[in-house]
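The chain contents come next:
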4 protein chains.
Amino acid sequence: MASDSRPQPLTAGSPRVVVAGATGFAGALAAHLLWRHPGFELLAVTGRSQVGRRLDDLYPRYRVPLEIQELDLDRLGEIDAAVVAYPHAAAAPTVGELREHGARVVDLSADFRLGSLSAYEQWYGAHPRPDLMAEAVYGLTELHRSRIAGAAIVANPGCYPTASLLALAPLARAGLIADLVIDAKQGISGAGRVFDETTHLSIAGENIVPYKVAAHRHTPEIEEQLALAAGGEARGADTLAVQFQAHLVPLDEGELVSCYVTPTRTVAGSELRELYADAYAGEPFVEVVEEPPGVREVRETNYCRVFAAADQHTGKIIAFGALDNLWKGTSSQAVQNLNVMFGAPETAGLA
Amino acid sequence: MASDSRPQPLTAGSPRVVVAGATGFAGALAAHLLWRHPGFELLAVTGRSQVGRRLDDLYPRYRVPLEIQELDLDRLGEIDAAVVAYPHAAAAPTVGELREHGARVVDLSADFRLGSLSAYEQWYGAHPRPDLMAEAVYGLTELHRSRIAGAAIVANPGCYPTASLLALAPLARAGLIADLVIDAKQGISGAGRVFDETTHLSIAGENIVPYKVAAHRHTPEIEEQLALAAGGEARGADTLAVQFQAHLVPLDEGELVSCYVTPTRTVAGSELRELYADAYAGEPFVEVVEEPPGVREVRETNYCRVFAAADQHTGKIIAFGALDNLWKGTSSQAVQNLNVMFGAPETAGLA
Amino acid sequence: MASDSRPQPLTAGSPRVVVAGATGFAGALAAHLLWRHPGFELLAVTGRSQVGRRLDDLYPRYRVPLEIQELDLDRLGEIDAAVVAYPHAAAAPTVGELREHGARVVDLSADFRLGSLSAYEQWYGAHPRPDLMAEAVYGLTELHRSRIAGAAIVANPGCYPTASLLALAPLARAGLIADLVIDAKQGISGAGRVFDETTHLSIAGENIVPYKVAAHRHTPEIEEQLALAAGGEARGADTLAVQFQAHLVPLDEGELVSCYVTPTRTVAGSELRELYADAYAGEPFVEVVEEPPGVREVRETNYCRVFAAADQHTGKIIAFGALDNLWKGTSSQAVQNLNVMFGAPETAGLA
Amino acid sequence: MASDSRPQPLTAGSPRVVVAGATGFAGALAAHLLWRHPGFELLAVTGRSQVGRRLDDLYPRYRVPLEIQELDLDRLGEIDAAVVAYPHAAAAPTVGELREHGARVVDLSADFRLGSLSAYEQWYGAHPRPDLMAEAVYGLTELHRSRIAGAAIVANPGCYPTASLLALAPLARAGLIADLVIDAKQGISGAGRVFDETTHLSIAGENIVPYKVAAHRHTPEIEEQLALAAGGEARGADTLAVQFQAHLVPLDEGELVSCYVTPTRTVAGSELRELYADAYAGEPFVEVVEEPPGVREVRETNYCRVFAAADQHTGKIIAFGALDNLWKGTSSQAVQNLNVMFGAPETAGLA
């Protein structure tokens, strides 16, 4: 069977990292990326199920030859960093334990994404560790890079907010968004390692299905960050109410958001092009493209492609964001954040 | 090889019908449906290519054992009806010849869909037969049934307008649409029997691709019909400019439109339900459903499923329309129209 | 919602039929076909789960507006026929009850497919109702039509045996099979309404997976029937041991068997063509084709396409059989058998 | 747009490599791999069409920011190595020019795969450069590593032979193959950048299609190499005639061969396991697995997974080989060969 294919000898003193919750799609991919990463030592992969099974048995393609173990901080010894891939509400207590153990954490759940506790409570219920909210930084690397560098807890964004915010941030900063509809399409991997009608190939295949109509939890995350990008507060009286709608389409990995913006004033195409070029000049993982992007162009990469156009017929702006929901939408962005947090080149292990 | 599987003996005197342009996806399906139809005699299938080849060689699954021939009206003799499945601009002259030959025509192209000649010229260029526009009726059966019954030319709607208008007509009639964004997703069959990067499985598969950004020809068709449904003229000064955006997603047949309506006034969910129930009571092919519809539910049927919900967070209304782009979106709606035109039960050959 | 779309008024006195186990893929499709069938009255659909739910809620596309109920023979009253879609071993007792209630049964399980009790016990364990084996007829319509007509219990074949036997029967009858390898490929619907790694689109998609290596339960069924076709006994000392191997490939419905025959003597292509043409002349649902068939050609139909060629390089014969595993491979063949059993036209409700 | 994402600074004096024919799937992937390779300098990508277009416009996901140019050896200057991705017969003359220019060549075509000129002529017609055949080595790395190291021309194997030979070599060497059937399944990428019915998602999707029945050009390549592995000559009187049959299945990349071996003597499972373990001990890219492999496990990697089992029922051996047809089946194996030829670590740029 596959032997250790770790490509480079580890630097002595590489940060030691644990992936907690490696049995799901997001945690397994994070483990895959960190196992091959030249600048981190993947110490352990843990799970709440499948304990004792090897991760490369559960995810053969990822080829991580480690046994899934229970999360036992005493046994693991010193840990510099952790990626927590637990469901919402289950994550926060573990993030707390890891913090108290001395690790800096990238949390893939929604537990620390919102600045507003009341917004969290409205969408998710009681927060298990509200005391930690203050030390969490929202982990959309391109928007909060400098604060991420010093953060103890990084709240990795949802995949929909990542695509939406990268597509919209240039407009938000310019104060151009008066009204906003986001129509999002995602592959079935977005449903995770869940076995039901949502993911059965003979039901999800040859299908297009809208879900969570008028009730998607990613809405407040997008609203807060757009407000911040616009220079306001995360949640003020004048925060824009965003219309967000998600759909499952029959592919594996890939996500496209189509954003329909009613602008605050008329915007010419040339101004749009400048806004986006300026916003993302020098960004290693955002590609401003000249044609509407397809998700295949970014599959299994940490890239997000954005494209915006002005529609003269309606006066609206259409902005697209395309990424791989498991990569830039989740796990490779977590690695990008770890790179920033630990001073590695931002593209290390990702390009 | 497949022998004649025509299920019922034809009634003496069944209308004799020709499918012109049977080599494309739409024409071939129309031929399939008419070959099995208890109330029509499929006299011939014609094509501008593939002449001499049998249609069941080109489309094995459709099992129509007729040879593709050139369209030669003299040889065909008396024709009562024709389905014309030609590209835009190529269709109109043939529609004209068939009319002059005495046939009533369902035209699948865009040539006779618009009431406004100037709108046609703006999107498609010069119209080959503007003289025939007056005798054409827009063939969305549910909206124009009585006029279709007596029409000489029925302009079969585009698949996107069919889904959009069925999803939106109840709102338009009630004067509820102040602003409108339509985000449409369609399977690859929508690209037709075209062989290029758009349809190659290794490029179109595992992909989601927006196309014709800010420039989709279906827009004026939707705008005209919404204006008419609202009780106005097809194209007046106050016609709503509709934001329409199409995407290709990796399945074969199926289409979903997600319509985001900024309403003219606040609308409660109960009022919405009533509006839709009333609008489609007794309609054999429109199903008002209680959950957002997936396109698999209507695959290879003439059904369109519609669903609407009010979003209290944004005040907007979201309306969905799901259909099979080749069936209710094109060819089975053509048969539905033929049924209406020739006095057959509307569901004949379709349920 | 969809109202009753039953296309034809039922003939007074149509046989009353029940589908037991309508919640799985096979039972649901049988219910769909019988609901629309001009010659049967679908009295009830039953399930061991989902009781009280409507079948058109569980399978929207099939549009059978009946509530799933428990199988209660007293309440159902007189039943003429039943389709039993239970797993192996669970089926036989229910088949017995239905027989005792007076119904003629088409059983979709393997319980009555084998003539040899010992072969059954070897592959499936103890047989719950060996006493009924004698009155069961193997339901491959094309091979046993006359006995099916009078049968009390019809053991509907497995999908793999159906495709394999139709592809091979002409060779078996001619005594041409000296050695045989069958490589079978099937879509994910073959795994049924099962929710696990086998069916998850993000695991089964973009995959090709062999399963049950050197241990497939369909082997004895094929071996017995080939022996019978060759004029021998179902299981004699000289029964050919068949190498059968199944694979799951990423589509929904469809199955292809590729059969590699070492012939007992050299066979010319012309002889092959004659053998197959003769074997299937007049068969309404077997299409002998001139090119290797793709499964799309038979999707959602009761057709099986067969094709055979002699390979001059190796001296072997390659024979293909293509069908839809849920249709001719299971449920539409059950309806074909019901047609034969009750004297309806064999193609009724199927073409 | 994506800037240069070349991960490592090139070692001074890295071999300079050209990909000739980079517009097809195989050439483009070779360019992608070499662009990111730490040990080669990708000097140019050439094409016979699309000249002047950037390769990352044609293949966005591969992100090779080079312009496609005509192959002009004078302009390119010194070249150490070339990958030629031309069709059969077109390749040999270009291979010859490159040789004369001093480059060592990995040829992806079939032009130099066969040892026997007469076999080549039988399957492909006249050979354009028979004079070069003597200096070509068959490039299945695991079978001919030491000769590849010194070769001037490496004939990269076909994808089917690669999977088949890796699955069968341990049996061939042990003299165990008396008769052999290979049933191969491949994704649509195997058809290449070809736009026709073979690759249209609405025709190839939801389909399984056998092709080239009793006439596949990969047969002689497999036969020669099996004979050599068995210790005989490439093409002797007693060379085994192999039954090979290919099928297209609806995925993008991935290939599985299922090999049915009638053994020369009875072989126990334990002996099989030992044979395979011994054969591939230390091989970095062949994984002998304990369950039948799915192609997803090796997607977009240079790994080939093999598995063999003895079937007690039939006495046959079933051996599977799974790989990615574009990677280990073609382009990443070419890079593996370049690594061997130029003394780089065999896994460089591939793990």
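J.: Quick rundown of the domain arrangement of chain A? Include the residues and the values.
T.: Residues and elements named next belong to chain A. Domain annotation for chain A reports domain 1 (16–157 + 330–341) and domain 2 (160–325). A straight line from the C-alpha centre of domain 1 to that of domain 2 covers 24 Å. Counting each side, the surface lost to burial between domain 1 and domain 2 is near 2,200 Å², with a carbon and sulfur contribution of 52%. Area buried by domain 1 at its contact with domain 2 is led by Phe25, Trp123 and Glu142, which between them contribute 27% of it. Where domain 1 packs against domain 2, one counts three salt bridges. Ionic pairing is found between Arg113 and Glu221, a salt bridge with its closest N-O pair at 3.4 Å. Linking domain 1 to domain 2 there are 13 residue pairs in polar contact (both at pLDDT 80 or more). Broken down by secondary-structure element, the contributors of at least two residues to the side of domain 1 that touches domain 2 are α5 (117–124), α6 (141–149) and α11 (327–341).

J.: Go over the interface of chain B and chain A with me, naming the residues and quoting the values.
T.: Counting residues at the interface gives 48 residues for chain B, matched by 48 residues for chain A. Summing the contributions of chain B and of chain A, the shared interface buries around 3,800 Å²; its carbon and sulfur component is 62%. Summed over the three residues of chain B that lose the most area to chain A, namely Glu206(B), Ile208(B) and Arg296(B), the buried surface amounts to 19% of that side. Our count for the contact surface shared by chain B and chain A stands at four salt bridges.

J.: I'd like a description of helix α4 (residues 91–100) of chain B, backed by residues and values.
T.: All names here are of chain B. When we look at burial in α4, the residues that qualify are Ala91, Ala92, Thr94, Val95, Gly96 and Leu98. Where α4 is buried, its residues contact α3 (73–76), β4 (81–84), β5 (104–107) and β7 (153–155). Backbone geometry just downstream of α4 places Gly102 in the positive-phi region, at approximately 100°.

J.: Give a detailed account of the side chain of Asn337(A), specifying residues and quantitative values.
T.: Residue and element names in this part refer to chain A. With respect to the helices and strands, Asn337 occurs in helix α11. Within the structure, Asn337 has its side chain in polar contact with the side chain of Thr141 (distance 3.0 Å). At 3.0 Å, the side chain of Asn337 forms a polar contact with the side chain of Asn156. When sequence neighbours within four positions are dropped, the list of residues in contact with Asn337 reads Val106, Gly139, Thr141, Ile148, Val154 and Asn156.

J.: I'd like a description of the pairing of β4(B), backed by residues and values.
T.: Residues and elements named next belong to chain B. In β4, alternate side chains face the same way, and those of Ala81 and Val83 on one face and Ala82 and Val84 on the other are all buried. Pairing of strand β1 (residues 16–20) with β4 involves four bridges; the strand directions are parallel. Opposite Val17, over in β4, you have Ala81 as the bridge partner. Where β4 lies against β5, four bridges are found, and the strand directions are parallel. Counted as the bridge partner of Ala82 is Val105 from β5. In this fold, β4 hands off to α4, which returns the chain to β5; that crossover is right-handed.

J.: Tell me about the side chain of Thr239(C), residues and numbers included.
T.: All names here are of chain C. Mapped onto the secondary structure, Thr239 falls in the loop between α9 (218–229) and β10 (243–248). Judged by its relative accessible area of 18%, Thr239 is buried. The residues touching Thr239, leaving out its near neighbours within four places in the chain, are Glu223, Ala227 and Ala234.

J.: I'd like to hear about the relation of the copies chain B and chain A, residue by residue, with values.
T.: One copy of the chain maps onto the other through a rotation about an axis plus a displacement along that axis. Superposing chain B onto chain A takes a rotation of 180° plus a shift of 0.0 Å along the axis, which leaves an RMSD of 0.0 Å. Viewed as a symmetry operation, the transformation between the two copies matches a two-fold axis. Within chain B, the C-alpha atom positioned nearest to the axis of rotation is that of Pro250(B), 3.1 Å from it. Interface residue correspondence from chain B to chain A reaches 100%, placing this contact among same-surface, isologous pairings.

J.: Explain the packing of aromatic side chains to me, and be specific about the residues and the numbers.
T.: Taken as a whole and assessed by the stated rule, the structure comprises 28 aromatic pairs over all chains. For the pair Phe40(D) and Phe342(D), a centre-to-centre distance of 5.6 Å together with 85° between the ring planes defines the contact as edge-to-face. Placement of the pair is Phe40(D) in the loop between α1 (25–35) and β2 (41–46) and Phe342(D) in the segment after α11 (327–341), with a sequence separation of 302 residues. Note on Phe40(D): relative accessible area 1%, which makes it buried. Residue Phe342(D) is classed as partly exposed on the basis of its relative accessible area, which comes to 25%. An angle of 65° between the planes, with centres 5.6 Å apart, marks the rings of Phe285(D) and Tyr303(D) as edge-to-face. Of this pair, Phe285(D) sits in the loop between α10 (269–280) and β12 (286–288) while Tyr303(D) sits in the loop between β12 and β13 (304–310), placing them 18 residues apart in sequence. Summarising the burial analysis for this pair, Phe285(D) and Tyr303(D) share the class buried. Site record: aromatic cluster; members linked through ring pairs are Phe25(A), Tyr59(A) and Tyr62(A). Looking at Arg48(C), its charged tip hangs above the ring of Tyr86(C), at a distance of 4.8 Å from the centre. Against the face of Phe342(C) rests Arg104(C), its NZ or CZ located 5.0 Å from the ring centre.

J.: Let's hear about the interface of chain A and chain D: which residues, and what values?
T.: Opposite the 21 residues of chain A that make contact, chain D presents 21 residues. In this structure, the connection of chain A to chain D is made through eight salt bridges. Note that Arg299(D) is salt-bridged to Glu300(A), the shortest N-O span being 3.9 Å. At the boundary of chain A with chain D, the tally comes to eight residue pairs in polar contact (both at pLDDT 80 or more). Taken together, the residues of the side of chain A that touches chain D break down into eight nonpolar, three polar and 10 charged.

J.: Quick one: what's the story with the nonpolar core, residue by residue and with numbers?
T.: The biggest cluster of nonpolar side chains holds 112 residues, and the ones touching the most others in it are Leu42(C) and Leu42(D). Leave out the neighbours within four places in its chain, and Leu42(C) touches Val17(C), Val19(C), Ala31(C), Leu34(C), Trp35(C), Val64(C) and Leu66(C). The next biggest cluster of nonpolar side chains, apart from the first, holds 110 residues, and it includes Ile208(A), Phe285(A), Leu326(A) and Leu326(B).

J.: Tell me about the sheet that holds strand β11 (residues 255–263) of chain A, and name the residues and values.
T.: All names here are of chain A. One open sheet holds the seven strands; their spatial order is β9-β10-β8-β11-β14-β13-β12, and the pairing between them is mixed. For this open sheet the edge positions go to β9 (209–211) and β12 (286–288), each flanked by a neighbour on one side alone. The sheet shows a mean angle of 20° between the axes of neighbouring strands, direction not considered. Alignment of strand β8 (residues 177–186) against β11, held across nine bridges, turns out to be antiparallel. Looking at β11, one finds that Val181 is bridged to Tyr260.

J.: Which residues make up the pattern of salt bridges, and what are the values?
T.: Summed over the entire model, instances satisfying the criterion amount to 84 salt bridges over all chains. A salt bridge links Arg54(B) to Asp56(B); the shortest N-O distance between them is 2.6 Å. The exposure class of Asp56(B) is buried, given its relative accessible area of 6%. If you follow the salt bridges from partner to partner, you end up with Arg61(A), Arg299(A), Glu300(A), Arg61(D), Arg299(D) and Glu300(D) in one network.

J.: Pulling in residues and values, what's your account of the relation of the copies chain A and chain D?
T.: For the pair chain A and chain D, the relating rotation is 180°, the translation along its axis is 0.0 Å, and the fit reaches an RMSD of 0.0 Å. Of all interface residues in chain A, 100% are interface residues in chain D too; the two copies therefore contact each other through one and the same surface.

J.: Could you give an account of the packing of α1(D) against α11(D), naming the residues involved and the relevant values?
T.: Residues and elements named next belong to chain D. In contact at an axis separation of 9 Å, α1 and α11 are set at 40° when each is read in the N-to-C sense. By the angle class used here, α1 and α11 are oblique. Note on packing geometry: the crossing formed by α1 with α11 is right-handed. Of the residues in α11, those touching α1 at Ala26, Leu29, Ala30, Leu33 and Leu34 are Trp327, Thr330, Ser331, Ser332, Val335 and Leu338. For the contact of α1 with α11, the class distribution of residues is eight nonpolar, three polar and no charged.

J.: So, the pairing of strand β14 (residues 317–323) of chain B: which residues are in play, and what are the values?
T.: Every other side chain in a regular strand lies on the same face of the sheet, so the side chains alternate between the two faces. Residues and elements named next belong to chain B. The buried fraction of β14 is high, at seven of seven residues. By the alternation rule, side chains of β14 split into Ile317, Ala319, Gly321 and Leu323 and Ile318, Phe320 and Ala322, which are all buried. With seven bridges joining them, strand β11 (residues 255–263) and β14 adopt antiparallel strand pairing. The residue bridging Glu255 from the neighbouring strand is Leu323, located in β14. Counting the residues between successive antiparallel strands, the hairpin from strand β13 (residues 304–310) to β14 contains six residues, one of them, Gly315, with a positive phi of roughly 80°.

J.: Requested: an account of the sheet that holds strand β1 (residues 16–20) of chain C, with residues and values cited.
T.: Residue and element names in this part refer to chain C. If you trace the seven strands from one edge of the open sheet to the other, you get β3-β2-β1-β4-β5-β7-β6, paired in parallel fashion. Here the strands that pair on one side only, and so sit at the sheet edges, are β3 (68–69) and β6 (136–138). Helix α11 (residues 327–341) rests against β1, β4 (81–84), β5 (104–107) and β7 (153–155) of the sheet, and its axis sits at about 155° to β5.

Criteria and cut-off values
Residues numbered from 1 in each chain as written. Chains lettered and ligands numbered in written order. Predicted model: local features only at pLDDT ≥ 70, side-chain atom pairs only at ≥ 80, totals over all residues. Heavy atoms only, no water. Domains from an automatic or database assignment. Buried area = accessible area lost by both parts, 1.4 Å probe. Salt bridge = Lys/Arg side-chain N within 4 Å of Asp/Glu carboxyl O. Polar contact = N/O pair within 3.5 Å; in protein donor to acceptor, adjacent residues only side chain to side chain. Helix = DSSP H or I, 4+ residues; strand = E, 2+ residues; numbered from the N terminus. Contact = heavy atoms within 4.5 Å. Buried < 20%, exposed > 50% of the residue type's maximum accessible area, 1.4 Å probe, protein only. Pairing = 2+ DSSP bridges. Right-handed = clockwise from strand over helix to strand, strands pointing away. Least-squares fit on C-alpha atoms with pLDDT ≥ 70 in both. Phe/Tyr/Trp six-rings, centres within 6.5 Å; stacked < 30°, edge-to-face > 60°. Lys NZ or Arg CZ within 6 Å of the ring centre and 35° of its normal. Nonpolar A, V, L, I, M, F, W, Y, C, P; charged D, E, K, R; others polar. Core = buried A, V, L, I, M, F, W, Y, C linked by side-chain atoms within 4.5 Å. Axes fitted to C-alpha atoms, helices over the stretch in contact; angles between N-to-C directions. Parallel < 35°, antiparallel > 145°, perpendicular 65-115°, else oblique. Left-handed = near helix turned anticlockwise from the far one by under 90°.

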